[in-house]
Amino acid sequence: MKADFSGRWTMNPRSDPFLPGIEAGMVVLKIEHIDPLLQVTLTHSAPGYALGAFVLNCRTDHVEVLTSRHGIQARTDAYWDTGNQLLVDMSICMGSYERHFRSSWSLSTAGKSLTIRHIAGDPAGPNAIFQRRDLPYAG
């Protein structure tokens, strides 16, 4: 059975490889997942600031999707490996800024943590670990 990433997730700041110095609770993911459709709302906040949100659309059946909002373009191509991990290739472009990376997404056995492991590209580094903050959506 494939993982269902649906839910509200917050970053574990001790495990954050690409946002050093960010205070707890700054990164929140809201994921709606009904395979093969996946929508991720990424919200950044800091004490006294609302840094905004970005909605990313994705498919898990190896079909490329372009999401364009607020001057940011994101191309995603995701597919399931032979196990229960989702492999995600992503390109993000904003003006002359462009980054490409590949990651693998997996849930803990109990479904309480989401690990996004950056395999290649920028940012590359150790795992980003998110903790579930609500129950998975019934579907």
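Residues numbered from 1 in each chain as written. Predicted model: local features only at pLDDT ≥ 70, side-chain atom pairs only at ≥ 80, totals over all residues. Heavy atoms only, no water.

## Quick word on the packing of aromatic side chains
Aromatic ring pairs are defined here through the distance separating the ring centres and the angle between the ring planes.
Working step 1: A full pass over the atoms with the stated rule returns two aromatic pairs.
Working step 2: Ring plane angle 5° and centroid distance 6.0 Å describe the contact between Phe5 and Trp80, whose orientation is recorded as stacked. A residue pair is termed long-range when its members are at least 10 positions apart, and Phe5 in the segment before strand E1 (7-11) and Trp80 in strand E6 (residues 72-80) qualify at 75 residues. Here Phe5 matches Trp80 in class, with each residue buried.
Working step 3: A centroid spacing of 5.6 Å and a plane angle of 80° characterise the contact between Phe5 and Trp105, whose relative ring orientation is edge-to-face. With Phe5 in the segment before E1 and Trp105 in strand E8 (residues 97-107), this residue pair connects regions lying 100 residues apart in the sequence. (Phe/Tyr/Trp six-rings, centres within 6.5 Å; stacked < 30°, edge-to-face > 60°. Helix = DSSP H or I, 4+ residues; strand = E, 2+ residues; numbered from the N terminus. Buried < 20%, exposed > 50% of the residue type's maximum accessible area, 1.4 Å probe, protein only.)

## Considering the side chain of Ser104
Working step 1: Topologically, Ser104 is positioned in strand E8.
Working step 2: Judged by relative accessible area, which is 2%, Ser104 ranks as buried.
Working step 3: When neighbours within four sequence positions are excluded, Ser104 is seen to be in contact with Gln85, Leu86, Leu87, Thr115, Ile116, Arg117 and Ile119. (Contact = heavy atoms within 4.5 Å.)

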